[in-house]
Amino acid sequence: MMLRTAATAAAAVSLALALAACSGTTKDSVGKESVKSGATAKADPDAPLKKGLKLAFLPKQINNPYEKIVDDAGIAAALEFGGTGKEVGPSDAGASSQVSYINTLIQQRQDAILVAANDPNAVCGPLKQAMKKGIKVVAYDSDTAKDCRQLFINQASSEQIGRSLVQHLGEQIGHKGKIAILSATQNATNQNTWIGFMRDELKLPKYKDMKLVKVAYGDDADQKSFQQTQGLMQAYPDLKGIISPTTVGIAAAARYLSDSSYKGKVVLNGLGTPNQMRKYVKDGTVGQFSLWNPEELGHLGSYAAAALASGQITGAQGEKFKAGRLGEYTVGKDGEVILGEPTVFDRKNIDKFDF
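Draft legend 1. Region of the structure containing the sheet that holds strand β8 (residues 239-244). Here four strands make up an open sheet; going across it, the order is β7-β6-β8-β9 and the pairing parallel. The outermost strands of the open sheet, each flanked by one partner alone, are β7 (210-217) and β9 (267-270). With strand direction ignored, the average angle separating the axes of adjacent strands in the sheet is 20 degrees. With four bridges joining them, strand β6 (residues 177-183) and β8 adopt parallel strand pairing. By the bridge assignment for β8, Ile179 is matched with Gly241. The strands touched by helix α6 (residues 158-172) within the sheet are β6, β7, β8 and β9, with β9 carrying the most contacts at an inclination of about 160 degrees. Packing of helix α9 (residues 247-258) onto the sheet brings it into contact with β6, β8 and β9, and relative to β9 it is tilted by some 165 degrees.

Below, the structure is given as structure tokens:
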């Protein structure tokens, strides 16, 4: 695994980072509640990390290979500060599939729940109950509504992710032609936020000859994503490019294109892991794609949860904490903590990474 500094250096053409998550309450009430939900006690930045902390990672779905990397790294990080971690979750990415797991984790009296939300609001009821019982709640990868957690560990700036993916694809197709988006689930907070910024970017004059014809949903399931790619090409045989901001989706789309007559004719870009995408980059199916380091995302989430549970931070803007080998981080607006800059992977650098 490349170190954080190396990954950042490789990202000269990368995306800078930020958050935009949906909320079921008003902007003003969210701003007040999201900070106060964890900030009723005063932070003690000099407090040591507690020993024996119990952390539970709740991914969108238990069989998602990307989230497995994140969660395994978070569990390993917990051991570094004398805690324990585990991963639990549903096998499907339905909006309410995570609710029963949260209720069980509350009964088990976990010290912190880290959740990658399938839906920003469906998990709010039980997460608020968890916070009332003193359990710290950290969203990662895909946010909840802001009043349902103390922190959100954002892998990158949502705006720059969305805009950059359009910028990259536009350059690859000469800013001309029909394009499509292959997303995960219809309710995924991160996906919808990125897609919103993609649509905004496409309104700029330089994209006047590019047309977004379809947003398809593969539900972060490999076979469905493969079938959705096939359906896109059948419906739009003159399609010039596909953006898939999901590691499951981009790998499935690449697999379809690599064995089709569209290989080399349809540009595929999006978010993927090097190990999933290496063969498709080397065989010419994919020219480039982007991602942050998922191991670092899990590592940061684990230390952030421990800092909350130990009283070092409360989730208020401006608070600082240390995340092991990643160094010091600062809590931003609405409890957001940004990991850092993702990397653009291509044939020149992909063999430098192993995740």
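Draft legend 2. Geometry of the pairing of strand β3 (residues 112-115). Side chains Ala112 and Leu114 project from β3 onto one buried face, and the interleaved Ile113 and Val115 project onto a second face that is buried too. In the sheet, strand β1 (residues 54-58) pairs with β3 via four bridges, with the strands oriented parallel. Each residue of the ladder has a partner; that of Phe57, found in β3, is Leu114. Examined bridge by bridge, β3 and strand β4 (residues 136-140) share four bridges and lie parallel to one another. Among the inter-strand pairings, Leu114 is bridged to a residue of β4, identified as Val138. Handedness of the crossover joining β3 and β4 through helix α5 (residues 124-132): right-handed.

Draft legend 3. Just the packing of aromatic side chains, in detail. Tallied over the entire structure, the rule returns ten aromatic pairs. With 6.5 Å between their ring centres and 80 degrees between their planes, Tyr66 and Trp292 make a pair best called edge-to-face. Here Tyr66, found in helix α3 (residues 65-80), pairs with Trp292, found in the loop between β10 (288-291) and α11 (294-309); they are 226 residues apart in sequence, far enough to count as distant. In terms of burial, Tyr66 and Trp292 fall into one category: buried.

Draft legend 4. Expanded view of the state of the cysteines. Using the criterion set out here, one finds one disulfide in the structure. With a sulfur-sulfur separation of 2.0 Å, Cys124 is cross-linked through a disulfide to Cys148. On the S-S bond that ties Cys124 to Cys148, the torsion sits near 100 degrees, and the link is right-handed. Placement of Cys124 in helix α5 and of Cys148 in the loop between β4 and β5 (151-154) is noted, with a sequence separation of 24 residues between them. For the pair formed by Cys124 and Cys148, the shared burial category is buried.

Draft legend 5. How the structure looks around the sheet that holds strand β2 (residues 84-87). One open sheet accounts for six strands, arranged β2-β1-β3-β4-β5-β13; its pairing is parallel. The open sheet is flanked by β2 and β13 (336-338), the only strands paired with a single partner. Here the average twist between neighbouring strands, direction ignored, is 20 degrees. Contacting β1, β3, β4, β5 and β13, α11 runs over the sheet at an angle of about 165 degrees to β5.

Draft legend 6. Molecular detail of the packing of α3 against α11. Where α3 contacts α11, the two axes come as close as 7 Å, and the packing angle between them is 45 degrees. Here α11 runs oblique to α3, going by the angle between their axes. Handedness of the crossing formed by α3 with α11: right-handed. Touching Tyr66, Ile69, Val70, Ala73, Gly74, Ala77, Ala78 and Glu80 of α3 are Pro294, Glu295, Leu297, Gly298, His299, Ser302 and Tyr303, all from α11. In terms of residue class, the contact of α3 with α11 is built from nine nonpolar, four polar and two charged.

Draft legend 7. Region of interest: the pattern of salt bridges. Throughout the structure, instances matching the rule amount to 14 salt bridges. Residues Asp143 and Arg149 are paired through a salt bridge, measuring 2.8 Å at the closest nitrogen-oxygen approach. In this structure, Asp351 engages Lys282 in a salt bridge whose closest nitrogen and oxygen atoms are separated by 2.8 Å. Highlighted residues: Asp351 in the segment after β14 (343-346) and Lys282 in helix α10 (residues 274-282), separated in sequence by 69 residues.

Draft legend 8. Focus on the side chain of Ser142. Assignment of secondary structure puts Ser142 in the loop between β4 and β5. Separated by 3.4 Å, the side chain of Ser142 and the backbone nitrogen of Thr189 make a polar contact. Within the structure, the side chain of Ser142 is placed 3.4 Å from the backbone nitrogen of Asn190, a separation counted as a polar contact.

What counts and how
By convention here, each chain's residues receive numbers from 1 onward along its written sequence. Where local features are concerned, this predicted model is filtered to residues with pLDDT of at least 70; where side-chain atom pairs are given and counted, the filter is 80 or more; whole-chain, interface and lining totals use all residues. By convention in this description, side-chain values take in all heavy atoms of the structure and omit both hydrogens and water. Here, a strand pair is defined by DSSP locating no fewer than two bridges between the strands. Only DSSP runs of H or I covering at least 4 residues are called helices, and only runs of E covering at least 2 are called strands; the numbering of each starts at the N terminus. Orientation is described by lines fitted to C-alpha atoms, with helices fitted over the stretch in contact, and by angles between N-to-C directions that extend from 0 to 180 degrees. Here, two residues are considered to be in contact whenever any of their heavy atoms come within 4.5 Å of each other. Exposure classes here rest on a 1.4 Å probe applied to the protein chains alone. A residue is buried below 20% of its type maximum, exposed above 50%, and partly exposed in between. A crossover gets the label right-handed when its path from the first strand over the helix to the second runs clockwise, viewed with the strands pointing away from the viewer. Each pair of aromatic rings taken from Phe, Tyr and Trp, with Trp reduced to its six-membered ring, is defined by centres within 6.5 Å and is described as stacked if the planes are under 30 degrees apart, edge-to-face if over 60, and tilted in the remaining cases. By definition, disulfides here are pairs of cysteine sulfur atoms that lie within 2.5 Å. The scheme is simple: roughly parallel for angles under 35 degrees, roughly antiparallel for over 145, roughly perpendicular for 65 to 115, oblique for anything else. A crossing counts as left-handed when the near helix is turned anticlockwise from the far one by less than a right angle, and as right-handed when that turn is clockwise. All residues other than Ala, Val, Leu, Ile, Met, Phe, Trp, Tyr, Cys, Pro, Asp, Glu, Lys and Arg, Gly among them, are scored as polar; the first ten of these are nonpolar and the last four charged. For this document, the term salt bridge refers to a Lys or Arg side-chain nitrogen within 4 Å of an Asp or Glu carboxyl oxygen. We define a polar contact as two N or O atoms separated by no more than 3.5 Å, with the added condition that, inside protein, one atom must be a possible hydrogen donor and the other a possible acceptor, whereas residues neighbouring each other in sequence contribute only through side-chain atom pairs.

Limitation: the analysis is restricted to geometry and does not speak to function.
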